[in-house]
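Overview (structure and organization)
Given next are the chains, with one letter for each unit.
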Amino acid sequence: MLSRLRTFTVLAAVGASSFLAVPPASAEVEPGGWTPVSPSFTVQERGCGQVDGLTFTLTCSTASGDQRAERRYATYTGGTRQFEGYFRISSLSGTRISLKQTFNESASGPYFMLAAERGGRLYAVHGGDTLSNAGTVGATVRVNTVHQVGTSHRTYINGSLKHTYDSPGGSFYDKFGAYRTNSGNGPATVVWSDIRFWRK
């Protein structure tokens, strides 16, 4: 009887520790009313860009041309959409590499771009606002964007609101990976993980 009790106690402790180790099912910011979605995507490799699962690499230091390694997700129109993902810059010999984009398909151009400079500064490419200095090599950073089409686009870094941008109406899509900005260059390797999307 005592042996059985000890066995039960050990199993209960293991079960509790396993439960505590499980990450939350969702970690969206601005909670309330979100529905998980799984948009389709295509992989984009241009120039010296290479994609291997969720590892995105620019292998060259070329400071011109289209150098990209990205996932491009399905277009959405209207409503409110949220993206969440974690990135880790595992190497960055270059600088000013775009990590996450909200692309305005109606205007045929990037609408919001989050980029990293060597040294860890994360900034909005359009306007140049500094969002955080958390993007150092080896650090894992959580990014959430909340896009209310026709109203606003909000960017959170590690759960804190860092940037708000007015939004036009139209069609948009999300992209992430590693992309040379007009003033940037590689080499760079970025590893993304735990990608989630919601709508409401």
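Details of the structure are given in the entry above.
Sequence order as written defines the numbering, with residues in each chain counted from 1. Totals for whole chains, interfaces and linings use all residues, but because this is a predicted model, local features are given only for residues with pLDDT of at least 70 and pairs of side-chain atoms are given and counted only at 80 or more. To obtain the side-chain values, all non-hydrogen atoms of the structure were included, while hydrogens and water were left out.

Comments concerning the state of the cysteines
Formally: Pairs of cysteine sulfur atoms within 2.5 Å are identified as disulfides in what follows. The secondary structure listing takes helices from DSSP runs of H or I that are at least 4 residues long and strands from runs of E that are at least 2 residues long, numbered from the N terminus. Burial classification: accessible surface area is computed with a 1.4 Å probe over protein chains only, and a residue below 20% of its type maximum counts as buried, one above 50% as exposed, and the rest as partly exposed.
In the structure shown here, the tally under the stated rule is one disulfide. Linked covalently through their sulfurs, C48 and C60 form a disulfide whose S-S length is 2.1 Å. A torsion of -65° about the S-S bond marks the disulfide between C48 and C60 as left-handed. Of the two residues, C48 sits in the loop between β2 (41-46) and β3 (49-52) while C60 sits in the loop between β4 (55-58) and β5 (68-73), which places them 12 residues apart along the sequence. On the accessibility criterion, C48 (11% relative accessible area) is buried. Given a relative accessible area of 18%, C60 falls into the buried group.

Focus on unusual backbone geometry
In this chain, G186 is followed by P187 through a cis amide linkage whose omega measures 0°. Residue placement: P187 occurs in the loop between β15 (171-185) and β16 (188-199). Backbone geometry at R96 places phi at a positive 55°, although glycine is not the residue there. With respect to the secondary-structure elements, R96 resides in strand β8 (residues 95-104). Although it is not a glycine, N158 sits at a positive phi angle of roughly 50°. As for its placement among the helices and strands, N158 is situated in the loop between β13 (152-157) and β14 (160-166). Overall, N158 belongs to the partly exposed group, its relative accessible area being 42%.

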